[in-house]
Amino acid sequence: MREPSASEVQSTCLRDVAVMFDDLGRQINSTNPGSVFNALTQVAVQRVPGTNAASITMYRHGQFKTVSATDDRARQADAIQYELGSGPCVDAIVEETLYRPVDLRRDSRWPEYGTRVHKEFGWTSMLSFRLFPELATVKLIAGLNLYAERPHAFVDSATQVGLLLATHGAMAVAADVNRDQAENLKRALGNSREIGVAVGVLMARHQLTRGQAFDLLRVASQHLNRKLHEIAVEVGDTGMLPEGLVAGWTQPPHPGRRGQRLEEN
């Protein structure tokens, strides 16, 4: 049997990403627990391997606040971070990155937080994402936090699914907060010549639907922390998604940047 070529393997991987992203979106939309925030945390527990509880942190008016949690222990663990002013969730939001502490009992970045959260609530590992970039269009700053009771709970595949969920979650929350503005943004992006070209290239190259190709551009924007329009121009010029999306799919989107100032309306 012929071994698949590198380009065939890449196309299969990207199709899988696009299909999973679409599937997560349908599950969020079909979940009806009262709010998009609650739907997002519930789907996180169901779909991200290793997750025992999930929460969403919002930063508004100079304060962090938990707006949804599947477990009261997660809500209280969030509160310790707000009290200390540091932790995987708070720092992921401030630094626009993701954090995956594998054993909070021994993590030198958050020694006080790790000791307390394990002793008081039994959490040992976490996975925290900032929800962006779509939330910036509606002046919101938020993060998705996943908690686990055992160490090394979140393997690379969990990080991948969590990243897709964080990307779709940002889109869903933005649409829920301001449907007209979010729809106008989507329409504007859809009418962009560069994005239209990139969508067409991805559809032809990887056998994707129009919606899946557009979503893949959004995933690349989130994962590589680059503007969607910039990604689209590169796809149009090279015929391929940027280096790093597939090869570095198991790596964090980008290193954290300490000291970045939070801005809100």
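We now turn to the structure provided with this report.

What counts and what doesn't
Residues numbered from 1 in each chain as written. Predicted model: local features only at pLDDT ≥ 70, side-chain atom pairs only at ≥ 80, totals over all residues. Heavy atoms only, no water. Buried < 20%, exposed > 50% of the residue type's maximum accessible area, 1.4 Å probe, protein only. Helix = DSSP H or I, 4+ residues; strand = E, 2+ residues; numbered from the N terminus. Pairing = 2+ DSSP bridges. Phe/Tyr/Trp six-rings, centres within 6.5 Å; stacked < 30°, edge-to-face > 60°. Lys NZ or Arg CZ within 6 Å of the ring centre and 35° of its normal.

The next point concerns the pairing of strand E5 (residues 141–148). When you tally the buried positions in E5, you get eight out of eight residues, the bulk of the element. The alternating pattern of E5 places Ile 141, Gly 143, Asn 145 and Tyr 147 and Ala 142, Leu 144, Leu 146 and Ala 148 on opposite faces, both of which are buried. Where strand E1 (residues 53–60) lies against E5, seven bridges are found, and the strand directions are antiparallel. Its bridge partner lying in E5, Thr 57 is registered against Gly 143. In terms of strand pairing, strand E4 (residues 125–131) meets E5 through seven bridges, oriented antiparallel. Paired with Arg 130 across the two strands is Gly 143, which belongs to E5.

In this structure the tally under the stated criterion is four aromatic pairs. For the ring pair Tyr 59 and Phe 64, a centre distance of 4.8 Å and an interplane angle of 55 degrees mean the geometry is tilted. Of the residues examined, Tyr 59 reaches a relative accessible area of 14% and is grouped as buried. With a centroid separation of 5.2 Å and an interplanar angle of 85 degrees, the aromatic rings of Tyr 99 and Trp 110 are classed as edge-to-face. With a gap of eleven residues between them, Tyr 99 in strand E3 (residues 98–99) and Trp 110 in the loop between E3 and helix H5 (111–121) connect regions that are remote in the sequence. Each member of the pair, Tyr 99 as well as Trp 110, carries the same accessibility label: buried. One aromatic cluster is present, built from ring pairs that chain together Tyr 59, Phe 64 and Tyr 82. Across from the ring centre of Trp 123, 4.0 Å away, lies the NZ or CZ of Arg 73, which sits over that ring.

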